[in-house]
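Each chain, letter by letter, is given below.
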Amino acid sequence: MQEPLAFRMRPQTLSEIIGQKHLIGEGQVLRKCVEAGRIFSMILFGPPGTGKTTLATVLANELNIPYRLFNAVTGNKKELEQIFTEAKLYPGLILIIDEVHRLNKDKQDLLLPHVENGNITLIGATTSNPLHAINPAIRSRCHLFEVKQLSIEDIEQALINALQSSKGFNNNITIDNDALHIISRHSNGDIRYALNILEICAIACEGHISKEIVNQFSSIPNMSMDADGDGYYDVLSAFQKSIRGSDVDAALYYLGIMIEANDLDSIERRLLVTAYEDIGLGNPAAAARCVNAVDAARRVGFPEGRIPLAEAVIDLCLSPKSKSAEHAIDAAMESIRHTPYKVPEYLRLTPIHMKDEDKYDYNRPDLWNQIQYLPNHLKDKHFYEPNLNSSYEKTLAQNLMKLRRIPRSNNLSYLKKKNK
């Protein structure tokens, strides 16, 4: 049984690695390590298919140091202990751990002393941001290196190498330039994905890969929308920031990615949060329309659901923005956390031992806007400050100014006598 093309084409030396010149180019850190014959524990992080594990094995091969592979998810403590025993025979043994961010506490406790004393040289590989996902105890013992997403040109070179190499198709398969470009674009920087598409196209063709064959087997681009990876959150973040920045074209682009991933749950949550957080009182009607659009998308499903969602995105992008409501509630909550004060007695549900003239009067609406509602220590505190980006909030601000000119009092008996 023949190994997959992506496996056969794995580089064995630094010169065979495509991309990552910032790490392995002339004068760069990992190239210098190989030239000096030294290595240290490190975490390689970056998108899927960029060659993190391959780079780790190549470093071990170039330095002629024994290495062992370990998967943080499927590997167990017994396997680790066997590796530690082996490391006594080969001090500095390189341990390459895939999905290192998923290493549980028990395995970490076993591993840390061996990394600390140098018996094990750890090279971890992860698709997650190590500053968030890697245990600080491990992170502090390792250098962090980003393995960057490959460019379209890098992917095209990898495909050409596979077509020409004796480990690949040995020049027995040809390909149209258009077909080469489609695979490279659809791979989204994932060299493994690109080689897999090339392999299935090679099986389906009769010696020549055309644009039509590629479109048949690669109709949907590879997107970084795995909910466990950073790519997923990057898209969500870019989506909300594009709406906040009023870039309607960018927001529609990121919406399209989430629609292609069939992720209506994330679209719904992010749209509603954005409508109330970023547009807010700048255009409250847009927030209400957003709720209706999301509801409509849920009712009809995809692909038709894309239409009300697109309308909502365009509406939110081109609306005036106001974060005044968010800032107001945050200011109020900050005050509460600093010092919570009791509710004034005349505002309580059941005031005790209070004369009738000092009680809140439900039948005197003429007094309501003259009563002090904040506790005494906060009576002059203002949490809401209007944002004047929209005509709607300007109207609110004008009403607020009128209300703030009216003196407020906690002496209800005085107010009642004054306003008889």
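Values in this document were obtained by computation on a predicted structure and should not be read as measured data.

> How would you sum up the packing of helix α9 (residues 152-164) against helix α10 (residues 177-186)? Please name residues and give values.
Where α9 meets α10, the closest approach of the two axes is 9 Å, and the angle between their N-to-C directions is 125 degrees. With respect to α10, the axis of α9 lies oblique. Where α9 crosses over α10, the two elements pack in a sense that is right-handed. Counted together, Ile152, Ile155, Glu156, Leu159 and Ile160 of α9 and Leu180, His181, Ile183, Ser184 and Arg185 of α10 form the full contact between these two elements. Its residues assigned to classes, the contact of α9 with α10 shows 6 nonpolar, 2 polar and 2 charged.

> Run through the environment of Val73, naming residues and quoting values.
Tracing the backbone through its elements, the reader meets Val73 in the loop between β2 (67-71) and α5 (77-89). Looking at Val73, the relative accessible area reads 44%, which means it is partly exposed. The sequence separation of Val73 and His101 amounts to 28 residues, and the corresponding C-alpha distance is 9.4 Å. Dropping the residues within four chain positions of it, Val73 is found in contact with Glu99, Arg102 and Lys107.

> Tell me about the packing of helix α16 (residues 284-300) against helix α17 (residues 306-317), and please be specific about residues and values.
It is at 8 Å that the axes of α16 and α17 come closest, and there the two elements cross at 165 degrees. In terms of their interaxial angle, α16 and α17 are classed as roughly antiparallel. The crossing of α16 and α17 is left-handed. Residues Ala286, Arg289, Cys290, Ala293, Val294, Ala296 and Ala297 of α16 form the contact with α17, whose participating residues are Pro308, Leu309, Ala312, Asp315 and Leu316. Residue composition of the contact of α16 with α17, by class: 10 nonpolar, no polar and 2 charged.

> Can you break down the packing of aromatic side chains residue by residue, with the values?
Taken as a whole and judged by the stated rule, the model has 4 aromatic pairs. Relative to Phe145, the ring of Phe40 lies with its centre 6.3 Å away and its plane at 40 degrees, an arrangement referred to as tilted. Highlighted residues: Phe40 in the loop between α3 (29-36) and β1 (42-45) and Phe145 in strand β5 (residues 143-146), separated in sequence by 105 residues. Exposure remark for Phe40: the relative accessible area of 25% places this residue in the partly exposed category. Taking 5.2 Å as the distance between ring centres and 75 degrees as the angle between the ring planes, the aromatic pair formed by Tyr253 and Tyr254 counts as edge-to-face.

> Break down the pattern of salt bridges for me, citing the residues and quoting the values.
Under the criterion given, the structure shown has 15 salt bridges. When the shortest N-O distance is used, the salt bridge between Arg299 and Asp295 registers 2.8 Å. Taken together, the positions of Arg299 and Asp295, both in helix α16 and 4 residues apart, correspond to about one turn of that helix. For Arg299, a relative accessible area of 68% puts it in the exposed group.

> For the pairing of strand β3 (residues 93-98), give the residues involved together with the corresponding values.
Among the 6 residues that make up β3, 5 are buried, leaving the element largely enclosed by the rest of the structure. Of the strand pairs in this sheet, β2 and β3 are connected by 5 bridges, and their pairing is parallel. The residue of β3 that forms the bridge with Phe70 is Ile97. After leaving β2, the chain enters α5 and then returns to the sheet as β3, a path that is right-handed. Each parallel crossover has a hand, and for β3 linked through helix α6 (residues 105-116) to strand β4 (residues 120-126) it is right-handed.

> Tell me about α16, and name the residues and values.
Here α16 is 17 residues long and its end C-alpha atoms lie 25 Å apart, about the 24 Å a rise of 1.5 Å per residue gives. Turning to α16, its buried residues are Ala286, Ala287, Cys290, Ala293, Val294 and Ala297. Buried residues of α16 fall within an arc of 115 degrees about the axis and therefore sit on the same side. Of the residues in α16, the exposed ones pointing more than 90 degrees away from the buried face are Asn292 and Arg299. Elements in contact with the buried residues of α16: α15 (264-279) and α17. Of the residues one or two after α16, Gly301 is the one with positive phi, at around 70 degrees.

> Go over the sheet that holds β3 with me, naming the residues and quoting the values.
Strand order across the open sheet formed by 5 strands is β2-β3-β4-β1-β5, with parallel pairing between neighbours. Edge positions in the sheet fall to β2 and β5, since each of these pairs with one other strand and no more. If you compare each strand with its neighbour and ignore which way they point, the axes differ by 20 degrees on average. Along the sheet, α6 makes contact with β2, β3 and β4, crossing β4 at roughly 130 degrees.

Definitions and cut-offs
- Residues numbered from 1 in each chain as written.
- Predicted model: local features only at pLDDT ≥ 70, side-chain atom pairs only at ≥ 80, totals over all residues.
- Heavy atoms only, no water.
- Axes fitted to C-alpha atoms, helices over the stretch in contact; angles between N-to-C directions.
- Helix = DSSP H or I, 4+ residues; strand = E, 2+ residues; numbered from the N terminus.
- Parallel < 35°, antiparallel > 145°, perpendicular 65-115°, else oblique.
- Left-handed = near helix turned anticlockwise from the far one by under 90°.
- Contact = heavy atoms within 4.5 Å.
- Nonpolar A, V, L, I, M, F, W, Y, C, P; charged D, E, K, R; others polar.
- Buried < 20%, exposed > 50% of the residue type's maximum accessible area, 1.4 Å probe, protein only.
- Phe/Tyr/Trp six-rings, centres within 6.5 Å; stacked < 30°, edge-to-face > 60°.
- Salt bridge = Lys/Arg side-chain N within 4 Å of Asp/Glu carboxyl O.
- Pairing = 2+ DSSP bridges.
- Right-handed = clockwise from strand over helix to strand, strands pointing away.
- Expected span 1.5 Å × (residues − 1).
- Arc of directions from axis to C-beta.

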